[in-house]
Amino acid sequence: MSGDPFVAHRSLLFTVAYEMLGSAADAEDVLQDSWLRWADVDQERVSDPRAYLVRIVTRQALNRMRTLSRRREDYVGEWLPEPLLTSPDVAEDVELAESVSIAMLTVLETLGPTERAVFVLREVFDMPYGEIAEAVGKSAAAVRQTARRAREHVAARRPRMEVSRSEQQAVVERFLAALRTGQVKELMEVMAPDVVLVADGGGLAAAARVPVRGAELVANALARPDRVVSTVTLNGAPAGLTEVDGRVAAVSFVVENGRIARIYAVANPLKLTRLDQPAELAR
C-alpha cells in the first residue's frame, strides 16, 4: 500500500476536496468514493497518477457540492466551514495557509460549484487549464473564462489580510487575553469599530443566527467571566478554542490595521470533532 499513488498523494487529495467543500467530513467521504474508483482503474495505463487522482477527486467533490447546496438551504443560521487543527508547516506555506483560512473558505462558498473547483485547482494548486478542463468536463477556453470570473469574484470579497504572521499572532493573543477577562472595555479596545462576528451553531448550539456588527455589540455578545480560552492554530492561522458550561467553540479571525476586523465562531458540535490532531494538508 505504501507504494500506491493514492496513499502517496492523500494529503494533497484531501486538501483539494476540503477546499472545494469546506468540510473535512465531506472531504473524507469524497476520498473514500475516489479510492473505490481508483481501485477499479488499470493503473498500469495511467501515465500521471497525481493528475488522474485529482480529476477523480474533483469530479466526486463536484457531485457532492451539488448535493450539499440543497442541504445548506435548510441550515439553521449562518453556515461556516469546518475548522481544522493545523501544524506549523501549514502556516509556513503562506499561500496554502491563506487558501485554507476560514475567511477564504467562506468567500469560496459564494462561488458556484464549477467556479469554485476551477478557482481552487488553478489559483491554489496551479494546475494547467487543460487538466482542469478534463476534471470539470469543460473546454480549456471555457475554463479560462471561468477562472477569470472566479478570480474577480474572490478579489472583490476576500479580506485584505496584509499583516505579518507576528502581527497577526500578537493581535489575536491580545484579543484572547481580553476574552479571558470577560471585560467589554478590553474587548472593544482590540476590535475594529465595524468588526463583524459570524457564528455557526447549526441549530445544535447557542449562536447568533445573523452576523453581529459593531464593536460594542460584539463585545457584549462575547463577554463572559467564566469563559475558558486556549490558543491554537486553526486553518494555518492563530485562533482560539473557548468553552463555557461545557460548550466549545472554535474562533478564527481576520486582522486589519492592528485590530480584529472579523470573527468566525463555530459552535456546531458536528464541526468540532477533528480538533484532537493536526490535519494533513499539502499542495
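Heads up: these notes are all about the structure in this document. None of these values were measured; they are calculated from a predicted model. (Residues numbered from 1 in each chain as written. Predicted model: local features only at pLDDT ≥ 70, side-chain atom pairs only at ≥ 80, totals over all residues. Heavy atoms only, no water.)

1. Overview of the packing of aromatic side chains
The relative placement of two aromatic rings is captured by the distance of their centres and the angle of their planes. Tallying each qualifying case throughout the model produces 4 aromatic pairs. Summarising the aromatic geometry, the rings of W38 and Y52 are spaced 5.9 Å apart at their centres and angled 55 degrees between planes, so their arrangement reads as tilted. Taken as a pair, W38 in helix α3 (residues 24-39) and Y52 in helix α4 (residues 49-72) lie far apart in primary sequence, 14 residues in all. Assessed through its relative accessible area of 1%, W38 is described here as buried. Ring centres of F175 and F253 lie 5.1 Å apart, and the angle between their planes is 65 degrees; this geometry places the pair in the edge-to-face category. (Phe/Tyr/Trp six-rings, centres within 6.5 Å; stacked < 30°, edge-to-face > 60°. Helix = DSSP H or I, 4+ residues; strand = E, 2+ residues; numbered from the N terminus. Buried < 20%, exposed > 50% of the residue type's maximum accessible area, 1.4 Å probe, protein only.)

2. Describing the packing of α4 against helix α8 (residues 113-124)
Where α4 contacts α8, the axes come no closer than 10 Å and their chain directions differ by 150 degrees. Overall, the two elements α4 and α8 adopt an arrangement that is roughly antiparallel. In the packing of α4 onto α8, the handedness of the crossing is right-handed. For the pair α4 and α8, the contacting residues are V54, T58, L62, M65 and R66 in the first and P113, T114, R116, A117 and L121 in the second. Looking at the contact of α4 with α8, its residues break down into 6 nonpolar, 2 polar and 2 charged. (Axes fitted to C-alpha atoms, helices over the stretch in contact; angles between N-to-C directions. Parallel < 35°, antiparallel > 145°, perpendicular 65-115°, else oblique. Left-handed = near helix turned anticlockwise from the far one by under 90°. Contact = heavy atoms within 4.5 Å. Nonpolar A, V, L, I, M, F, W, Y, C, P; charged D, E, K, R; others polar.)

3. A closer look at empty space enclosed by the protein
Evaluated as defined, the whole model comprises 2 cavities of 30 Å³ or more. Considered as a void within the structure, the largest cavity measures approximately 70 Å³ in volume. S101, I102, A237, S252 and F253 are the residues nearest the centre of the largest cavity, which is lined by 11 residues in total. Of all the secondary-structure elements, those providing two or more residues to the lining of the largest cavity are α7 (102-108) and β5 (247-256). For the lining of the largest cavity, the class distribution of residues is 8 nonpolar, 3 polar and no charged. (1 Å grid on protein atoms, 1.4 Å probe; cavity = no way out; pocket = protein on both sides within 12 Å on 5 of 7 lines; lining within 4 Å. Points joined across faces, edges and corners; volume = space filled by probe spheres on them.)

4. Some words on the sheet that holds strand β3 (residues 228-234)
Two pairing modes exist for strands in a sheet, parallel and antiparallel, and in both the strands are linked by backbone hydrogen bonds. One open sheet accounts for 6 strands, arranged β2-β1-β6-β5-β4-β3; its pairing is mixed. The open sheet terminates on both sides in strands that have one partner only, identified here as β2 (212-213) and β3. Lying over the sheet, helix α11 (residues 165-181) contacts β1 (191-200), β3, β4 (237-244), β5 and β6 (259-266), oriented at roughly 160 degrees with respect to β3. (Pairing = 2+ DSSP bridges.)

5. Points about the packing of helix α9 (residues 129-136) against helix α10 (residues 140-157)
Relative orientation of the contacting elements α9 and α10 amounts to 95 degrees, with a least axis distance of 9 Å. Regarding the angle of α9 to α10, the classification is roughly perpendicular. Contacts between α9 and α10 involve Y129, I132, A133 and V136 from the former and A140, V143, R144, A147 and R151 from the latter. In the contact of α9 with α10, the residues fall into 7 nonpolar, no polar and 2 charged.

6. As for the side chain of H153
Looking at the element boundaries, H153 is found in helix α10. When near neighbours in sequence (up to four residues on either side) are disregarded, H153 contacts T110 and L111.

7. Observations concerning the nonpolar core
Counting 52 residues, the largest nonpolar core has F14, Y18, M20, L108 and L281 as the members making the most contacts within it. Counting residues per element, the ones that place at least two in this core are α2 (10-21), α3, α4, α7, α8, α9 and α10. When residues no more than four places from it in sequence are discounted, the contact partners of M20 are T58, A61, L62, M65, R116, A117 and V120. Residues A199, A219, V251 and I263 belong to the second largest nonpolar core, which totals 25 residues. (Core = buried A, V, L, I, M, F, W, Y, C linked by side-chain atoms within 4.5 Å.)

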